[in-house]
Amino acid sequence: MATVHDTGDADNYDVFVKGAPDRMVKLCSTQAKGGVVTDVEPVNSNYWIEKIAILSSHGLRVLALCRATVPKSTIVKGENLGPEFVNGRPEGQWLTIVGLCAIMDPPRPECVQAIKEAKGAGVRVAMITGDHKDTATAIGHMLGIVDENFPSAITGPELDEMSDDEMKNAVMTYNVFARASPQNKIRIVKALQAQKQISSMTGDGVNDAPALKAADMGVAMGKEGTDVAREASEMILADDNFATIVTAVKEGRTVWDNLRKVLYINTPINNAQGMSVLFGLAFGLKQSPLSPIQVLYSNLICAITLGFVAAIEPSEEGIMSLPPRRIGKRLIGRYLLLRILLATFTLTCLVVASAFWLKSYNVNGYLFSRYDKQDENNPVNYDPNVTEPPELKYYLEDIRATAFNVLDFGAISITLSARFTYLSSIHPRVFSGNKYAWYSVFIVAALQVITTYVPGLNNVVFLMDGMDGLQWGIVILFMVITFLVLEAEKAVRSYLKFRGADTDDLQYGVFDNPMEGEAGKNDALLPKGASHLNLVALEK
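About the thresholds
Residues numbered from 1 in each chain as written. Predicted model: local features only at pLDDT ≥ 70, side-chain atom pairs only at ≥ 80, totals over all residues. Heavy atoms only, no water. Helix = DSSP H or I, 4+ residues; strand = E, 2+ residues; numbered from the N terminus. Rg over C-alpha atoms; globule rule 2.2 N^0.38 Å. Buried < 20%, exposed > 50% of the residue type's maximum accessible area, 1.4 Å probe, protein only. Contact = heavy atoms within 4.5 Å. Areas by Shrake-Rupley, 256 points an atom, 1.4 Å probe, with all protein chains shown as cover. Lys, Arg positive; Asp, Glu negative; His and termini not counted. Charge placed at Lys NZ, Arg CZ, Asp CG, Glu CD. Pairing = 2+ DSSP bridges. Axes fitted to C-alpha atoms, helices over the stretch in contact; angles between N-to-C directions. Salt bridge = Lys/Arg side-chain N within 4 Å of Asp/Glu carboxyl O. Core = buried A, V, L, I, M, F, W, Y, C linked by side-chain atoms within 4.5 Å. Disulfide = S-S within 2.5 Å. Patch = residues over 30% accessible without salt bridge, like charges linked within 9 Å, V, L, I, M, F, W, Y side chains within 5 Å. Expected span 1.5 Å × (residues − 1). Parallel < 35°, antiparallel > 145°, perpendicular 65-115°, else oblique. Nonpolar A, V, L, I, M, F, W, Y, C, P; charged D, E, K, R; others polar.

Quick look at the overall build of the chain now. In terms of helices and strands, the chain carries 17 helices and 12 strands. For a compact globule of 540 residues, the expected C-alpha radius of gyration is about 24 Å, and the chain comes in at 36 Å, more than 25% above that figure. Structurally, the chain occupies a C-alpha span of about 135 × 45 × 40 Å along its principal axes. Taking all 540 residues of the chain together, the buried fraction comes to 45%. Put simply, of all contacts in the chain between residues at least 6 apart along the chain, 72% involve residues at least 24 apart. For the chain, the accessible area works out to roughly 26800 Å², and carbon and sulfur atoms hold 60% of it. Distance from the positive charge centre (50 side chains) to the negative charge centre (59 side chains) of the chain: 3 Å.

What follows is about the sheet that holds strand β1 (residues 2-5). Pairing is mixed across the open sheet formed by 6 strands, whose spatial order is β1-β2-β5-β6-β3-β4. For this open sheet the edge positions go to β1 and β4 (36-42), each flanked by a neighbour on one side alone. The sheet shows a mean angle of 35° between the axes of neighbouring strands, taken without regard to direction. Summarising the sheet, strand β5 (residues 60-71) and strand β6 (residues 95-104) pair through 8 bridges and their orientation is antiparallel. Looking across to β6, one finds that L63 is bridged to C101. Lying over the sheet, helix α2 (residues 45-57) contacts β3 (28-33), β5 and β6, oriented at roughly 10° with respect to β6.

Attention now moves to the sheet that holds strand β7 (residues 127-128). An order of β7-β9-β8 is seen for the 3 strands of this open sheet, with the pairing classed as parallel. Each edge of the open sheet is held by one strand with a lone partner, namely β7 and β8 (153-155). Bridge count for β7 against strand β9 (residues 176-178) is 2 bridges, and the pairing is parallel. Pairing of M127 across the sheet is with V176, part of β9.

Summed over all chains, the structure comprises 22 salt bridges. R370 serves as the salt-bridge partner of D465, at 2.2 Å between the closest nitrogen and oxygen. Taken as a pair, D465 in the loop between α16 (457-461) and α17 (469-498) and R370 in the loop between α13 (334-359) and α14 (396-418) lie far apart in primary sequence, 95 residues in all. Among the salt bridges present, the one from E489 reaches R493, with a minimum N-O distance of 2.7 Å. On the criterion of helical spacing, the pair formed by E489 and R493 is a turn pair, its members being 4 residues apart in helix α17.

Judged by nonpolar contacts, the single largest core of 50 residues is most densely connected at Y264, I265, L306, V406, I412 and L416. Those elements that provide at least two residues to this core are α11 (242-282), α12 (292-310), α13, α14, α15 (435-453) and α17. It is α14 that contributes the most residues to this core, 13 residues altogether. Beyond its immediate stretch of four places on either side in the chain, L306 contacts I265, I269, A411, I412, T415, S440, V441 and V444.

In this section: the state of the cysteines. Taken as a whole, this structure holds 0 disulfides when the rule is applied. C302 forms no disulfide, and the closest cysteine sulfur to it belongs to C349, at a distance of 19 Å.

Structurally, R67 is set in strand β5. The class for R67 is buried, based on a relative accessible area of 17%. Setting aside chain neighbours within four positions, we find R67 in contact with D14, V15, F16, V37, L95, T96 and V98.

Right, let's get into a nonpolar patch on the surface. On the surface, L296, L300, I301, I304 and F308 cluster together to form a nonpolar patch covering roughly 450 Å² of accessible area. Secondary-structure assignment places L300 in helix α12.

A separate point is helix α8 (residues 182-194). With 13 residues, α8 should reach 18 Å at 1.5 Å per residue; the first-to-last C-alpha distance of 19 Å fits that figure. α8 sits mainly inside the fold: 12 of its 13 residues count as buried. Here α8 has its buried residues at Q183, N184, K185, I186, R187, I188, V189, K190, A191, L192, Q193 and A194. For α8, the secondary structure elements touched by its buried residues are β7, α6 (156-160), α7 (164-171), β9, β10 (200-203) and α9 (209-214).

Bringing the pairing of β5 into the picture now. As a general feature of sheets, a regular strand has side chains that alternate between the two faces. Two strands pair when backbone bridges link them, and strand β2 (residues 12-19) and β5 are joined in this way by 8 bridges, in the antiparallel orientation. Its bridge partner lying in β5, K18 is registered against L65.

Further remarks concern the side chain of T415. Considering the arrangement of structural elements, one finds T415 in helix α14. Beyond its immediate stretch of four places on either side in the chain, T415 contacts I265 and L306.

In this section: the environment of I340. Along the polypeptide, I340 turns up in helix α13. We classify I340 as buried; its relative accessible area is 4%. The spatial distance from the C-alpha of I340 to the C-alpha of T267 is 6.8 Å, given a sequence separation of 73 residues. Setting aside residues up to four positions removed in sequence, I340 forms contacts with L263, Y264, T267, P268, N271 and I332.

Viewed as axis vectors pointing N to C, α14 and α15 meet at an angle of 175°, and their least axial separation amounts to 11 Å. It follows that α14 is roughly antiparallel to α15 by the angle criterion. Judged by residue contacts, F404, N405, D408, F409, I412 and L416 of α14 engage W438, V441, V444, A445, Q448, T451 and T452 from α15. The class makeup of the residues in the contact of α14 with α15 is 8 nonpolar, 4 polar and 1 charged.

Mapped onto the secondary structure, S233 falls in the loop between α10 (227-232) and β12 (235-237). Classification of S233 as buried rests on a relative accessible area of 14%. Once the C-alpha coordinates of S233 and G203 are considered, the two residues, 30 residues apart in sequence, prove to be 9.0 Å apart. Residue contacts for S233: discarding those within four places in its chain leaves L212, G218, V219 and A220.

Below is the structure:
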């Protein structure tokens, strides 16, 4: 930046210039001795470059302060001067360097911690800055993005001289890009995408808009950002804090994880409703172990009440230690499918088993309705030798009551086990973290008791009767069995993960689309020297 001042000299204006020190030194012919501007000597460029390097290596942002005089005849008063006034003067070296100004702008503590957390989550953080290379490298060390894997920085002018292949290698070699222009940002984004990387770019200025648009996820600043940058972005940081991005990543992973939990809870419950009817009839029951209204109730009330609360489970411990999800991954993976099938099989078997358990107490294996005198399974209606219906220990309504409660209390077991992907639910942690999970459990349990015992509601609407101690014993036993089976599966899966198996479904499977998101990833990068182009817009 340069400003022109009239200090009373009849022939000359005084010009004061500040800017990047490595560039300013090249424009200086003299230096002030001891900071006295009237006492100058030929500039010692090596001295200034050494001091610049020392200050920059400590993470200080350095500005060179220069001055000069220009004839009044060369400037029109009120003229709006451009960069060529400083950089394009015919005399070349025309400034006198007076001194250096070093500014300490340390990273925010929460930013350092956020970058550490991002690295643990497999998210690589790179810094693109206009600072001096040494300053950028020092700040990179403070942030933890300059390490043994990415030990140095590269500058924008160096990027300008690279071919496409060299550029693609550079973005995988360096984490710090110094003296970078907005056009350099675009090349960096496109090079990362060409290397199959998912690229997010932050920015706040008008010149950042093309890079924000080109990135897979453009992130604009909400406080300091321009309207153009915000319009070009997919996400806006309301607090302009990098740590918020990492928080958003964690929240996104939690949402994905919870959606899988919802599927894990709802799918077995809904599957078991139909499967219980199918296999109950297939294995010899003359009538369905569940009435139509019981199936509908379990589908609309029980499954939804228990499943919805899984969507608001807090983040599990270790969620930010997993690698990022691949593009094209679907919610259902191999291991989740196996878990769903196991839960479905277990719940279906126990519902059907409860019906046969109670039926075994009946004389000759009879099973018919207590209230429907026209029931075709009542021997009175098909055996002329039977004049009075036999007294049964458990009628169809009793079996339906038991099967209905085995199904829905088993659903509660699935919900409690599904709250933690790997950690055991046989632990006090199951009672904390999500109070709404327990609200839903109590609501479902209370509704089960109400529908089972309220006269009229049970035998007229749900076609079942109240239960005795044996029936409740079966319900509780099968609820515990369901819970223990799923916890055993969890223990086996934890062991397999310890042995290196992909139990998180991170690799591509039969349900996934590996080619999703590949369109445009192999497009040509911007040409060499792109930072000299005056780009107005760039289509995504």
